[in-house]
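A look at the structure
Chain by chain, the residues run as shown.
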Amino acid sequence: MAYADKQLKAREIITKAVCGKGRKFSTVTHNVTPPHHPTSILGAWIINHQYEAVRSGDGIEVIGTYDINIWYSYNKNSQTDVAKETLSYVEHVPLSYLDPKHRASTEEVSAESTQEPNCIEANISSSGNGVVIRVEREFAVILVAETKVWVATLPGGSDDGKDYEYGDDGDFEDLDPELLDDEL
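Description of the structure in this document.

Analysis parameters
- Residues numbered from 1 in each chain as written.
- Predicted model: local features only at pLDDT ≥ 70, side-chain atom pairs only at ≥ 80, totals over all residues.
- Heavy atoms only, no water.
- Core = buried A, V, L, I, M, F, W, Y, C linked by side-chain atoms within 4.5 Å.
- Buried < 20%, exposed > 50% of the residue type's maximum accessible area, 1.4 Å probe, protein only.
- Helix = DSSP H or I, 4+ residues; strand = E, 2+ residues; numbered from the N terminus.
- Pairing = 2+ DSSP bridges.
- Axes fitted to C-alpha atoms, helices over the stretch in contact; angles between N-to-C directions.
- Contact = heavy atoms within 4.5 Å.
- Polar contact = N/O pair within 3.5 Å; in protein donor to acceptor, adjacent residues only side chain to side chain.

Here we look at the nonpolar core
Tyr66, Ile68, Ile70 and Ile133 are the most contacted members of the largest nonpolar core, which has 25 residues in total. For this core, the elements supplying multiple residues, two or more each, are β1 (9-32), β2 (38-56), β3 (59-74), β4 (79-94) and β7 (131-153).

Laid out in structure tokens, this is it:
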């Protein structure tokens, strides 16, 4: 009897799966006040980025910190200094996909910084005593939880009398080696 002649049945399986996904790109502005009134900005960069993800309402919150370092001149460009400030942030990333039938008690969330915080602009503030920094950052988040899936099954398995072994049967001569992925 061919497989097509058998009546397929379905089985419900509970498994862990990606049940939610989201991504958010943002540009934020920070004001940093150095100890001296800056004359010009010589450089600005962000270091020591750390973050964690937590479930929050209809999305995932990424909670983190980073250090902003601003190299600037002061006293009519006669001296330089580096202003350092640690900033905290909370970025709410909405879930663009969410399986409504997942088990909420089994949720695990994670975030990946797809674009590390990066200073894209640094200017002296209009008051002349601070620096306005624009920062870009992007996060991708996932929610993993237990959910139910349905799979098709063949009742009674195979009845053609053959034992099927899955694995290396040595029949690889017909494969095109150019199509193989070297990074497996």
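Description of unusual backbone geometry
Although it is not a glycine, Asn48 adopts a positive phi angle of roughly 55 degrees. Structurally, Asn48 is set in strand β2. Look at Asn48 and you get partly exposed, because its relative accessible area is 49%. For Asn77, which is not glycine, the phi dihedral falls at a positive 60 degrees. Within the secondary structure layout, Asn77 lies in the loop between β3 and β4.

Focus on the sheet that holds β2
With respect to topology, 3 strands assemble into an open sheet ordered β2-β3-β4, the strand pairing being antiparallel. Of all the strands in the sheet, the pair left with one neighbour each is β2 and β4. Averaged over neighbouring strand pairs, the angle between their axes works out to 15 degrees when direction is ignored. Bridge count between β2 and β3: 15 bridges; the pairing is antiparallel. Its bridge partner lying in β3, Ser40 is registered against Ser73.

Section: the side chain of Asn69
Mapped onto the secondary structure, Asn69 falls in strand β3. Accessibility expressed as a relative area gives 6% for Asn69, which makes it buried. Setting aside anything within four residues of it in sequence, one finds Asn69 in contact with Gly43, Ala44, Trp45, Ile47, Val82, Ala83 and Lys84.

Some remarks on the pairing of β3
Within β3, 12 of the 16 residues are buried, which leaves it mostly tucked inside the rest of the structure. Counting the residues in the hairpin turn of β2 and β3 gives 2 residues, including Gly57, whose phi is positive at 55 degrees. Where β3 lies against β4, 16 bridges are found, and the strand directions are antiparallel. The residue of β4 that forms the bridge with Glu61 is His92.

A few points about the environment of Arg134
Assignment of secondary structure puts Arg134 in strand β7. Assessed through its relative accessible area of 35%, Arg134 is described here as partly exposed. Residues Arg134 and Asn31, 103 residues apart in the sequence, show an inter-C-alpha distance of 9.0 Å. When neighbours within four sequence positions are excluded, Arg134 is seen to be in contact with Thr27, Val28, Thr29, Asn118, Cys119, Ile120 and Glu121.

Observations concerning the environment of Ile120
Note on placement: Ile120 falls in strand β6 (residues 108-124). In this structure, the C-alpha to C-alpha distance between Ile120 and Arg134, residues 14 residues apart in sequence, is 5.7 Å. Those residues in contact with Ile120 that lie beyond four places of it in its chain are Thr27, Arg134, Val135 and Glu136.

A word on the side chain of Ser125
Note that Ser125 resides in the loop between β6 and β7. The class for Ser125 is buried, based on a relative accessible area of 15%. At a separation of 3.2 Å, a polar atom in the side chain of Ser125 contacts the side chain of Ser127. If we skip the residues at most four places from it in the chain, Ser125 touches Gly130, Val131 and Val132.

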